Amino acid sequence: MWVVIILLAVVALIVIALITLYNRLVRFRNRVDNAWAQVEVQLKRRWDLIPNLIETVKGYAAHERGTFEAVTEARAAAQRAGTTEERAQAEGILGQALGRLFAVAEAYPELQADENFRQLQSDLADTENRIAVSRQVFNDTVLTYNNAVQTFPSVLIAGWFGFASREFFEVEEAAQREAPRVDFGTQPAPQPPSPPS
């Protein structure tokens with residue numbers, strides 16, 4: 001009789017532990033999905049600003065068609081991206097294209113003085129900051145989830161119930177890929193500007 005009670009108690013403890021682990025994994029997975037939704041909100045905000053920015057710059061630099069097309073194509077590719085890895089790659093390309101667009105804009109002082117352009121530039125900078133924060137929150141949430149999925153005892157049930165590790169959202173930017181070169185001494189000293197004639 002005591003053996004049956006002990007066996008039932010052990011089975012009940014195992015069932016309670018499995019339910020607890022399963023629910024914990026579900027909560028972590030839902031947090032990852034929520035964090036990704038926040039990233040997508042910020043990315044959509046960025047995508048919505050880009051057409052207005054392009055139209056403003058076009059008014060001053062209509063002959064820079066290749067740059068405008070590159071930004072438009074990069075935006076479309078980012079919107080079509082499916083997986084986190086594809087989205088990260090597409091967003092990196094979009095960031096580079098936007099950098100080229102702003103480089104073009106720097107050549108036009110009238111554009112730099114345009115209030116609409118400055119507001120769009122400010123909105124885009126704010127959005128980039130929000131994306132960075134959302135990406136950090138997402139990656140932190142993915143780290144917590146992946147740790148739960150890959151550590152004992154959760155790892156024993158994670159595979160049975162379809163809990164797989166998630167990918168981090170890492171955007172490679174040109175500035176991050178190549179370290180800046182610093183050279184003190186091999187460059188000639190800068191010449192003072194010549195007076196206007």
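Bear in mind the structure is a predicted one, so any value in this text is a computation, not a measurement. (Residues numbered from 1 in each chain as written. Predicted model: local features only at pLDDT ≥ 70, side-chain atom pairs only at ≥ 80, totals over all residues. Heavy atoms only, no water.)

### Concerning the overall build of the protein
Helices and strands together make up the secondary structure of the protein, namely 7 helices and 0 strands. Within the span of the protein, comprising 197 residues, buried residues form 32% of the whole. Partitioning the contacts of the protein with sequence separation of at least 6, the portion at a separation of at least 24 is 76%. For the protein, the accessible surface area stands at approximately 13000 Å², while carbon and sulfur atoms represent 58% of it. (Helix = DSSP H or I, 4+ residues; strand = E, 2+ residues; numbered from the N terminus. Buried < 20%, exposed > 50% of the residue type's maximum accessible area, 1.4 Å probe, protein only. Contact = heavy atoms within 4.5 Å. Areas by Shrake-Rupley, 256 points an atom, 1.4 Å probe, with all protein chains shown as cover.)

### Examining the nonpolar core
Grouped together as the largest cluster of nonpolar side chains are 46 residues, with contacts concentrated most on Leu53, Leu98, Leu101, Phe138 and Phe169. Looking at this core, the elements with two or more residues in it are helix H1 (2-58), helix H2 (65-80), helix H3 (84-106), helix H5 (115-150) and helix H6 (155-158). Per element, the largest residue contribution to this core is 15 residues, and it comes from H1. Not counting chain neighbours up to four residues away, the residues in contact with Leu98 comprise Arg46, Ile50, Leu53, Val71, Leu124 and Glu128. (Core = buried A, V, L, I, M, F, W, Y, C linked by side-chain atoms within 4.5 Å.)

### Quick notes on the pattern of salt bridges
In this structure the tally under the stated criterion is 10 salt bridges. The partner of Lys58 in a salt bridge is Glu55, with the nearest N and O atoms 3.6 Å apart. Residue Lys58 and its partner Glu55 are both found in helix H1; the two are separated by 3 residues, about one turn of the helix. By relative accessible area, Lys58 is classed as partly exposed at 34%. Here Glu69 and Arg65 are joined by a salt bridge, their closest N and O atoms 2.8 Å apart. (Salt bridge = Lys/Arg side-chain N within 4 Å of Asp/Glu carboxyl O.)

### So, the packing of aromatic side chains
Throughout the structure, instances matching the rule amount to 5 aromatic pairs. Between Phe102 and Phe117 the ring centres are 6.1 Å apart and the planes differ by 55°, which places this aromatic pair in the tilted class. On the criterion of sequence distance, the pair formed by Phe102 in helix H3 and Phe117 in helix H5 is long-range, its members being 15 residues apart. For Phe117, a relative accessible area of 0% gives the class buried. (Phe/Tyr/Trp six-rings, centres within 6.5 Å; stacked < 30°, edge-to-face > 60°.)

### Quick word on the confidence of the model for the protein
Averaged over every residue, the pLDDT of the protein is 85; the share at 70 or more is 87%. Below pLDDT 50 for its whole length, residues 174-197 participates in 4 contacts with residues either more than four positions away or in separate chains. (pLDDT = per-residue confidence, 0-100.)

### Examining the packing of H1 against H5
Following both chains from N to C, one finds H1 and H5 inclined at 160°, their axes separated by 8 Å at the closest point. Taken together, the axis directions place H1 and H5 in an arrangement best described as roughly antiparallel. Considering only the axes of H1 and H5, their crossing is left-handed. Of the residues assigned to the contact of H1 with H5, the class counts are 20 nonpolar, 9 polar and 10 charged. (Axes fitted to C-alpha atoms, helices over the stretch in contact; angles between N-to-C directions. Parallel < 35°, antiparallel > 145°, perpendicular 65-115°, else oblique. Left-handed = near helix turned anticlockwise from the far one by under 90°. Nonpolar A, V, L, I, M, F, W, Y, C, P; charged D, E, K, R; others polar.)

### Notes on the environment of Gly95
Mapped onto the fold, Gly95 is located in helix H3. Sequence separation between Gly95 and Val71 is 24 residues, and the spatial gap between their C-alpha atoms is 8.8 Å.

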